[in-house]
Structure formats: structure tokens, C-alpha cells
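What follows is the residue order along each chain.
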Amino acid sequence: TVARIGIYGLGTMGSALALNMAEHGIDVAISNREVPRINAFMDASGDLSKRLHPHETLAGFVAGLEVPRLVLFMIPSGDAMDEMITRIAPLLDHGDMIIDAGNADFHATRRRAADLARQKLHFVGMGVSGGEQGARHGPSMMVGGSDHSWQQLAPVLSSIAARFRGDPCVALLGPDGAGHFVKTVHNGIEYADMQLIAELHSLLRYGMAWTPPEVADLFTVWNDGPLQSYLVGITANILRASDPDTGHPMIDVIKDSAGQKGTGRWTVIEALCLGQSATMIEAAVAARSWSSEKDTRQTAETVLGGARLGVSLSAETLADAFLAARILAHAQGFRLLSEASDHYDWQLDLARIAEIWRAGCIIRSALLDDIAAAFHDTPKHGELILAPVIAERLGHAIPALRETVAAAVHAGHAVPALSAALAWYDSMRQGFGTANIIQAQRDVFGRHGFQRLGQSGVHHGPWWD
Ligand code: 6PG
């Protein structure tokens, strides 16, 4: 059998995608750098193995594909991807397509797309979200490439994607790096949302002395209303789990030092490069970085003293604070998408991005359906905080965010993402901000000049007379 598509890389995500395709009746050629993994995967595939066609060599893998060929790589996206492109490109013909489905830096995707276009090969950078379960049973996929590539890929991807009310959570979002950029920002929002949940958990546990099952029950209630989300749901389950070895709540035996592979950091870096600032995402990245300084923090707690109990906040207040902050994290993410879209001329459809994040991906939530609707109703300028429905919800929820941040700060609890949310919100609703002082200072020490209100041109102050 000639296969419709090839998947190279049988790690967790590649294997799950291959099984998902096989289950949808698609013949898939598979290969992997380490050959024993191929056989192990085939052995574990059960009935689905009849749709899976294993190849030990790259040449065999390529020869086993329908023409034009679709070759999907699910491998580490740095040097390994470049190396595989170098190896496989000579085996391909004009019009064939390489798809990088890993978490790639979109700059690399742009470079690879341009290089391969010179060799008359199509290159697609595709963000895949949803972890192993998503890849196996329905991920959200963010595609960057040409219309031509999309036409070839869409039938396969639409059949394996997650669905929200029947709508497949996959779309062509723009050319070359657009899909990987959108996936990067998805992950940035993911970092911020995870950090918000972590801060709320910490306040409840160490500011208000709730037990893990009590927090789990609250999150379960939240997961049945406007705060419904995949991350809230899994956190409720996490908080109910016990350590089989000690019987303690599982959460209390996990070391408080977080890993990070880089997509959150990339989001912050790209925001800064585009003259933006996604401060909630930065707070989340920073919190992970500080979390790895465990020894210093332990010493500092004994020297400087830690946070204290005695925080008093109602569950309703915390819910509204979370909702406000979650909206603001998304607002920062979409603002960045809008800025990048202008800069790279991608013409990103923000409503469509929100739509394909409604199922399958890690940040899927009830809020994303409201965000999609808001972007359909208002001009697509990326300013979510100005969309009438969103502005109204913020107006209702912001007092709770203020109360929560104030109570946390008062008792010494670190809430970097919650407080970044509030600082950004307050900055953005300030018609006259703080930068007149900055401009005057710059003029004094560097003669940088400033604009005068209501006048054109560059002006200087009377400082040097
Ligand atoms: C997803 C996830 C997935 C992965 C990231 C985050 O959308 O399915 O974002 O891509 O979990 O790599 O990893 P880090 O937290 O290690 O940066």
C-alpha cells in the first residue's frame, strides 16, 4: 500500500498522531531514528497496525508515500529538524511537502520555508496542542503554510482534529511561521493560566488553610461555570490524588521547581521585540525561573520570614479575580498576535484562532467561546479589553481582582501573575499615564526631545537655560 502521509518520529506525540490517523482510516507510513522503537510501536498498535506501514530506512519511508508526498516530522525542533531536512530533501520531488509539527521557533520555520521553497518543496510549520491525549483523540492544530499546502493537508487534519460543536479545531492561519507563532502564544497563555491557578491554589492553601480536597471541590465547582477549562479540571483531579507511597496528598510531595522548554520565554521575547509586553506571561515565566532557586528560597524564608495565614477572601471573590485575570492574559496574548500579524503581514484571523482553541488544546475553556464571539462582533484590532462583552465582564470582575491582590500582598503572598494582570489593566485604562515624566527625564539627560500635547514636531524643555 502507498500511504497517504508519513510520520517520522515515534515519540509520545508522533505515535499518538499516527494512531489517530490510522483510526480515521488513513494509511500512514511511519519511521523513527531508533529502529527498535518502530517495531515496539507496531506491536502495541493492535488492530490499527493494518493502517500503519513501518519503514526502517528513510529511502523506504519516502518510497512508501503517495505523490505528492506529505512528510510530517514530530521530532525535537532545533538542530534535529535541520538535520532531517538535509537528509530527506534530496529524496523528495518538486511539489512534495515537509511538515514540522513540533514546538518550533517560528523564526526557524520562516527560514526553513524559504530554503525549501528554493528547492521547490513545500514546508508547513504546524503547532499541535493537546498533549498525548489530544494528539491521540483530537488535537487543536495551528497551520502555517501556503494555500496549496493547506488544500492537500486539510482533509487529513480535519478528520483527526478535535471538534467544537462539529467544527474541526484546525485552520490555516497564515504563511510560513504563522502557525508556530500562534502555537507559541498559545503556550504563553498556557503558562499564564497555569500560574494563575497555582497562585490561587497557594492562597487558598497557605493564606486560608484550605486542604487539597477542599480546593479540589472549589475547582470542580468552577469547572461547571464560566471558569470551565481543561486546566481547572485537571488541577481538581491532581488535588484529589494521594501519594501511593506515603498516603499524603500527591501535590504535597511534588518539589516546587517547575520545568520549561522555552515556548513561554519565546512568547515574552517576541512580545518585547515587537514593542509589546505580555507581562502576565512574563510573570509566569519568571515564577518558573524563581521556582528553580529552591535552596535560596528556603534560606530566605528563614532569614526574611515567609507569608502568613489570615487571608480572608470569599470563593466568589476568588472566582471573579480568576476570571478577570484569565481574560487579561488572553487579551495580552491576542494583542501580541495582532501586532505580529501586522509586522509579518500574516493577516491572522483572531476570531478563527479563538475558535480552534475551543477544543483539543491545553488552554481550551468556556472563555474562548466568548472571545471568539467578541472578535466576530468587533473590529479585528486585537484589543480584547475594548470588546463590549469583554469590557462588561471585566468591569464586573475587576473589583474582586483588586481585593484578591490586595489581600495577598498584605499577607506577603507572591501573586506575580494576578498582580501583573491588575497593573496592566490599570495602565491600559489610564488616558493620561506616567510617561510625561519619563520623556522629560530623557530630554534632560540625553536631549532626546518629546512631543507636546496638541502640537507637532519634536520639542525640548527649558532645563538647560
Ligand atoms: C500543548 C503543550 C505542549 C507542551 C509544551 C509546554 O499545547 O500541548 O503546550 O506543547 O506541554 O511543550 O512545555 P513546557 O511547560 O515544558 O514549556
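Cut-off values and rules
Residues numbered from 1 in each chain as written. Predicted model: local features only at pLDDT ≥ 70, side-chain atom pairs only at ≥ 80, totals over all residues. Helix = DSSP H or I, 4+ residues; strand = E, 2+ residues; numbered from the N terminus. Rg over C-alpha atoms; globule rule 2.2 N^0.38 Å. Buried ≥ 20, exposed ≤ 12 C-beta atoms within 10 Å, placed from the backbone. Contact = placed C-beta atoms within 7 Å. Core = buried A, V, L, I, M, F, W, Y, C linked by C-beta atoms within 7 Å. Domains from an automatic or database assignment. Near = placed C-beta within 6 Å. Nonpolar A, V, L, I, M, F, W, Y, C, P; charged D, E, K, R; others polar. pLDDT = per-residue confidence, 0-100. Expected span 1.5 Å × (residues − 1). Arc of directions from axis to C-beta. Pairing = 2+ DSSP bridges. Right-handed = clockwise from strand over helix to strand, strands pointing away. Axes fitted to C-alpha atoms, helices over the stretch in contact; angles between N-to-C directions. Parallel < 35°, antiparallel > 145°, perpendicular 65-115°, else oblique. Left-handed = near helix turned anticlockwise from the far one by under 90°.

Q: What am I meant to see in the overall build of the protein here?
A: For the protein, the count of helices and strands is 19 helices and 10 strands. The C-alpha atoms of the protein give a radius of gyration of 25 Å, which matches the 23 Å a tight globule of 465 residues would have. Taken along the three principal axes of its C-alpha coordinates, the protein extends 75 × 65 × 45 Å. Considering the protein as a whole, with its 465 residues, one finds that 48% of them fall into the buried category. Expressed as a percentage of contacts within the protein between residues at least 6 apart in sequence, the contacts between residues at least 24 apart total 69%.

Q: How should I be thinking about the nonpolar core in this particular structure?
A: Proteins that are soluble and globular tend to have nonpolar side chains buried together. Of all hydrophobic cores here, the largest spans 140 residues; its most connected members are M280, A324 and A421. Among the elements that line this core, the one with the most residues is helix α14 (residues 315–344), at 15 residues. When residues are assigned to domains, this core turns out to be shared by domain 1 (5–176) and domain 2 (184–428), each giving three or more. In contact with A324, other than residues within four places in its own chain, are L394, A397, I398, A400, L401 and A421.

Q: Even after reading the chapter, I still don't get the site of the ligand, so can you show me in this structure?
A: Around the ligand sit 13 residues, and of these S129, N187, Q260, K261 and I362 come closest. Across the shell around the ligand, the residue classes break down as two nonpolar, nine polar and two charged. Inspection of the shell around the ligand shows a minimum of three residues originating in each of domain 1 (5–176) and domain 2 (184–428).

Q: Looking at this structure, I do not really get the domain arrangement of the protein. What am I missing?
A: Where interface size is given, it is often the accessible area lost as the parts come together that is meant. According to the domain assignment, the protein contains domain 1 (5–176) and domain 2 (184–428). Between domain 1 and domain 2, the contact holds 23 residues from the first and 18 residues from the second. Element by element, the count of residues in the side of domain 1 that touches domain 2 is highest for strand β10 (residues 170–174), at four residues.

Q: Help me understand the confidence of the model for the protein, please; the structure alone is not making it clear to me.
A: Do not read the fine detail of predicted coordinates wherever pLDDT is low. Counting all residues, the mean pLDDT for the protein is 97, and 100% of those residues have values of 70 or more. For this predicted complex, the interface score ipTM comes out at 0.97, alongside a pTM of 0.97.

Q: Is there a simple way to explain helix α5 (residues 106–118) in this structure?
A: Because the α-helix completes a turn every 3.6 residues, residues three or four places apart line up on one side. With 13 residues, α5 ought to run about 18 Å at 1.5 Å a step, and its terminal C-alpha atoms sit 19 Å apart, in line with that. Looking at α5, one finds that the buried residues are F106, T109, R110, R112 and A113. Along the axis of α5, the buried positions cluster into a sector of 170°, meaning they face one direction only. Set apart from the buried face of α5 by more than 90 degrees, the exposed residues are A114 and R118. Turning to α5, the residues buried within the fold contact α4 (79–88), β5 (97–100), β6 (122–129), β7 (140–144) and α8 (178–207). At the exit of α5 stands K120, carrying a positive phi of roughly 60°.

Q: Is there a simple way to think about the pairing of strand β1 (residues 5–8) in this case?
A: Side-chain direction in a regular strand flips from residue to residue, so the side chains alternate between the two faces of the sheet. Of the two faces of β1, the one lined by I5 and I7 and the one lined by G6 and Y8 are each fully buried. Across four bridges, the pairing between β1 and strand β2 (residues 28–31) is parallel. Within β2, the position partnered with I7 by the bridge is I30. Regarding topology, helix α1 (residues 12–23) serves as the crossover connection from β1 to the parallel β2, and that connection is right-handed. Here three bridges tie β1 to strand β4 (residues 70–73), and the two strands are oriented parallel to one another. Its bridge partner being in β4, G6 is matched across the sheet by V71.

Q: Even after reading the chapter, I still don't get the packing of α8 against α14, so can you show me in this structure?
A: What describes two packed helices is the angle between their axes and the distance between those same axes. At a minimum axis distance of 10 Å, the contact between α8 and α14 shows a crossing angle of 160°. Classed by the angle they form, the pair α8 and α14 counts as roughly antiparallel. Both α8 and α14 take part in a crossing whose hand is right-handed. Counted together, F181, V182, V185, G188, I189, A192, D193, L196 and L200 of α8 and L318, F322, A325, R326, A329, H330, G333, L336, L337 and A340 of α14 form the full contact between these two elements. Its residues assigned to classes, the contact of α8 with α14 comprises 14 nonpolar, three polar and two charged.

Q: Before we go on, may I ask you to explain the pairing of β7 in this structure?
A: Within β7, five of the five residues are buried, leaving the element largely enclosed by the surrounding structure. With burial as the criterion, each face of β7 is covered, one bearing S140, M142 and G144 and the other bearing M141 and V143. As defined by bridge partners, β6 adjoins β7 across five bridges and the pair is classed as antiparallel. Bridge pairing in β7 places S129 opposite S140.

Q: What exactly am I supposed to notice about the environment of I238 here?
A: Structurally, the position occupied by I238 is in helix α10 (residues 230–240). On the neighbour-count criterion, I238 (18 C-beta atoms within 10 Å) is partly exposed. Considered as a pair, I238 and R163 are 75 residues apart in the sequence and their alpha carbons are 26 Å apart. Aside from chain neighbours lying at most four places away, what touches I238 is M250 and I251.

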